[in-house]
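The chain contents come next:
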Amino acid sequence: MKKLVISLSAVAAAVVLVLGVYQFRKGTEEDFVTPQETANTKVISAGAVEAFTSQTIPEEEYLPVKSRKVDGEMDKKAKSDANTWEKPEILVNPYENSPLTAYLFFTTDRACGVRVTVKGKISSADITGTLKKKTKKHRVPVVGLYPGKKNKVQISCLDENGKAYQTQTVTIETEPLPSELQDAVQVKKQGRPSAYGLTILSGQSTKYPFAYDENGDIRWYVKMTTGSYGVFPLSNKRLIFQTDASLTPTEEKPHTTQMYEMDYMGRVYQIYYVKNGIHHEVIEKTPGGNLLVLTSSIDGHTEDMVIELDRETGEIVKSLDMREIFDGTYENKVDWVHLNTASYKEEDNTVLLSPRNVHAGIKLDWTTNEIKWILANPEMFKGTEQEDKVLKPVGDFIWHFQQHSVYEIPYDLDGEPDTIHVMLYDNHWQTKRKVDFFDGRENSYVSVYAINEKEMTVRQEKHFESVRSIITSNCAYDKKSNRMFSFGGYLHPLIENRKGMVYEYDYGTGEVLNQYSAKEYFYRGYEMVIDWKDLAAPMEQEGNYVKGTLQAPVEAELEEKPEETLGDDVVSFVKKESVLYMKTNDHAIDQVAFHGQNHQYLMDYTNAGKGLKKNRKVTYSIAIPVSGLAEDEYKIAVRYQGKWYDTGKDITCHAS
């Protein structure tokens, strides 16, 4: 077969997303390509549903569409006169992905508020929610049911003073836990009631995100698999759910390009795409504001970028490659920096990052990218261009190594106006970048630092010791109870064949108040906080529910069409509105061609290199936006293992 020769032209103006355009040069099959950004175009939305059709590719609905359809039925039930206070309708797992939730539908003679309580095994394990709005038609969310049990759920009508004037108990039966969550949490020590009523664990080998109560009983889970990094809480009491529905190849492991905004009932509100993938962090800059997301350059390196996403459109409004702020001293690895947390401080417009593989936390100006300070053993940056940015240690220190979860504690803990406090999960491990000043300690820690930014000094105020967790893991401070949480998500060695450990400490004394072990590895732990009003309300039915950026096909001249055909066992396709999902093995296909009668387009993934051999059998879908293709009928070809093949699939793109 003759070599396929390619030349580029302008990307069609109607392309749905912020695209990555690539320049190609003639040469061998090992040639690389250089990514370049184009001007922004329309954000993908429900308006692009008819961007293309196909007689050969099956179609699936986006989850927000499914959620809204089901929610419409819930709204009808809420408005019905058929359900009475004496005999409320009970619907368990209404969205079919959150099995320990339910809705209660009933009508009352007079308008009232409602209090709902799932009775716990002990009173402190009760889960209670209140709906203050007075109405006669009630749609009451229930969260926190026990699995495989006939749960007693108490509901009360509340008068204008919030006092119950009538109460009853209903029974709600649930299915048993899936096998993956059996014995997921064990209580190792139980002292005082936990500061967290429910605690979420997710990510890594924890297949389904779940929440447990102070007795270690699972009271909530989502029966949908996440990506490696699980779920991230939002200020509106919903979650960012990092899905594994679509990924992108990188120089190392593939990264998810897709995340959902979801609530605890399992309703999916919207989808965000990120073209170069998402990894360790998704966090709001400010409550309800833009998102900070960790991603990859896929330019010889991975896990080395932080971007800011517009919350309304999903467009990338700022991106920062770590090569822009560090000199080249440590750029000797593909995963040379390994960012694992990011957070924003509005008061001084700064971002706090955790580049794990240089054993440091860094604070920088988000406008200028200037490094404000570096929290690290001074030996790490001796002789580098960043040496003068390293904070000067005061007093005794146990330095951190390969840390995770570096966040500022937004409270004054010492009464000193010139200090801020930073908490850090110190994995205390150094396999990814060995240094000769490693102290050999065999535990992990949560460290709290007091930093004087004017004097550029740091002192270590607290040091909470735990068993060793070599990767992932995080910490959290609860001000109301004055407690520190340590979420060790990756034990090494295992303890009684358990893979994770959670500690709850008294912040003042360091005493371990409560301790739980996890059956599986997990990425992070969080407090589960429920907005009952939000869960009771119908979903918003208007507006775009798909947002973000994806690498998109670019117009090209394709001189020859392939003759041989690949079967669906090698590559298969699914249509979701204006996005084509191509499923195949990691790095098996490095180019996709769309042969039209009058136009040709190319997708190119060669910039991701060859990947890792251990991932060759990993199968996943890659999302390809096609609404930017000119009106035409196209046959789809792929370059598989260095040779072009027809897929037997075709699409018809329509005028926008």
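Scroll up for the structure.
Residues numbered from 1 in each chain as written. Predicted model: local features only at pLDDT ≥ 70, side-chain atom pairs only at ≥ 80, totals over all residues. Heavy atoms only, no water.

(A) Molecular detail of the overall build of the protein chain. Along the protein chain, the regular secondary structure elements total two helices and 44 strands. The C-alpha radius of gyration of the protein chain comes to 26 Å, within 12% of the 26 Å expected for a compact globule of 656 residues. By its C-alpha atoms, the protein chain is 80 × 70 × 45 Å across when sized along the principal axes. By the burial criterion, 59% of the 656 residues in the protein chain qualify as buried. Across the protein chain, the fraction of contacts at a sequence separation of at least 24, relative to all contacts at a separation of at least 6, is 63%. Just so you have it, the protein chain exposes about 26,500 Å², and 46% of that area is on carbon and sulfur atoms. (Helix = DSSP H or I, 4+ residues; strand = E, 2+ residues; numbered from the N terminus. Rg over C-alpha atoms; globule rule 2.2 N^0.38 Å. Buried < 20%, exposed > 50% of the residue type's maximum accessible area, 1.4 Å probe, protein only. Contact = heavy atoms within 4.5 Å. Areas by Shrake-Rupley, 256 points an atom, 1.4 Å probe, with all protein chains shown as cover.)

(B) View of the sheet that holds strand 9 (residues 185-190). With antiparallel pairing, five strands are arranged side by side in an open sheet as 9-34-33-32-31. What marks the edges here is a single partner per strand, and that holds for strand 9 and strand 31 (474-478). Each strand of the sheet is rotated relative to its neighbour by a mean of 15°, with strand direction disregarded. Note: strand 31 against strand 32 (residues 483-488), five bridges, orientation antiparallel. Bridge pairing in strand 32 places aspartate 478 opposite arginine 483. (Pairing = 2+ DSSP bridges. Axes fitted to C-alpha atoms, helices over the stretch in contact; angles between N-to-C directions.)

(C) Structural context of the pairing of strand 12 (residues 218-221). Of the strand pairs in this sheet, strand 11 (residues 206-212) and strand 12 are connected by three bridges, and their pairing is antiparallel. Directly across from phenylalanine 210, in strand 12, lies its bridge partner tyrosine 221. In sequence, strand 11 turns back onto strand 12 through a hairpin of five residues, with glycine 216 there showing a positive phi of about 80°.

(D) Looking closely at the pairing of strand 42 (residues 619-625). Counting buried positions along strand 42 gives six out of seven residues, so the element sits mostly inside the fold. Both strand 39 (residues 579-585) and strand 42 contribute to a ladder of seven bridges, which runs antiparallel. Paired with lysine 583 across the strands is serine 621, a residue of strand 42.

(E) Quick peek at the packing of aromatic side chains. Throughout the structure, instances matching the rule amount to 24 aromatic pairs. Taking 5.5 Å as the distance between ring centres and 75° as the angle between the ring planes, the aromatic pair formed by tryptophan 85 and phenylalanine 106 counts as edge-to-face. Placement of the pair is tryptophan 85 in the loop between helix 1 (63-79) and strand 4 (89-92) and phenylalanine 106 in strand 5 (residues 101-118), with a sequence separation of 21 residues. Residue phenylalanine 106 is classed as buried on the basis of its relative accessible area of 1%. Ring centres 5.2 Å apart and planes at 85° place the aromatic pair tryptophan 220 and tyrosine 264 in the edge-to-face group. Highlighted residues: tryptophan 220 in strand 12 and tyrosine 264 in the loop between strand 16 (255-262) and strand 17 (268-278), separated in sequence by 44 residues. (Phe/Tyr/Trp six-rings, centres within 6.5 Å; stacked < 30°, edge-to-face > 60°.)

(F) Looking closely at helix 1. Spanning 17 residues, helix 1 covers 24 Å between terminal C-alpha atoms, matching the ideal 24 Å at 1.5 Å per step. Turning to helix 1, its buried residues are Pro64, Val65, Ser67, Arg68, Asp71, Met74 and Ala78. Tucked into the core, helix 1 has its buried residues touching strand 4, strand 5, strand 6 (127-143) and strand 17. (Expected span 1.5 Å × (residues − 1).)

(G) Structural detail: the state of the cysteines. Going through the model one piece at a time under the given rule, you end up with zero disulfides. No disulfide involves cysteine 157; its nearest neighbouring cysteine sulfur is the one of cysteine 112, lying 3.5 Å away. (Disulfide = S-S within 2.5 Å.)

(H) Structural view of the sheet that holds strand 10 (residues 199-203). An order of 12-11-10-35 is seen for the four strands of this open sheet, with the pairing classed as antiparallel. If you trace the sheet from one side to the other, it starts and ends with strand 12 and strand 35 (524-527), each paired once. Recorded for the sheet is a direction-independent mean angle of 30° between the axes of neighbouring strands. Judged from the four bridges that link them, strand 10 and strand 35 form a sheet pairing that is antiparallel. Paired with serine 202 across the bridge in strand 35 is arginine 524.

(I) Highlighting the layout of surface pockets. If you add up the space inside the largest pocket, you get close to 1,600 Å³. Taken together, 48 residues line the largest pocket, and the ones lying closest to its centre are Ile283, Tyr407, Glu408, Pro410 and Met423. Of all the elements in the fold, those that place two or more residues in the lining of the largest pocket are strand 13 (226-233), strand 18 (282-284), strand 22 (339-345), strand 23 (350-355), strand 27 (404-409), strand 28 (419-426), strand 31 and strand 35. Counting residues per element, the lining of the largest pocket draws most heavily on strand 31, at five residues. Residue composition of the lining of the largest pocket, by class: 24 nonpolar, eight polar and 16 charged. (1 Å grid on protein atoms, 1.4 Å probe; cavity = no way out; pocket = protein on both sides within 12 Å on 5 of 7 lines; lining within 4 Å. Points joined across faces, edges and corners; volume = space filled by probe spheres on them. Nonpolar A, V, L, I, M, F, W, Y, C, P; charged D, E, K, R; others polar.)

(J) Up close: the nonpolar core. Counting residues in each nonpolar core, the largest one holds 73 residues, and the members touching the most others are Tyr62, Val142, Phe210, Trp220, Tyr273 and Met528. In terms of residues, this core owes the most to one element, strand 5, which gives nine residues. For tryptophan 220, the residues in contact, after removing those within four places along its chain, are Ser98, Leu100, Thr101, Val143, Ile200, Pro209, Phe210, Ala211, Leu239, Tyr264 and Met528. Judged by nonpolar contacts, the second largest core, of 42 residues, contains Ala342, Val351, Phe381 and Leu391. (Core = buried A, V, L, I, M, F, W, Y, C linked by side-chain atoms within 4.5 Å.)

(K) Quick look at the environment of glycine 72. Mapped onto the fold, glycine 72 is located in helix 1. Measuring from C-alpha to C-alpha, the distance between glycine 72 and proline 538 comes to 7.7 Å, with 466 residues separating the pair along the chain.

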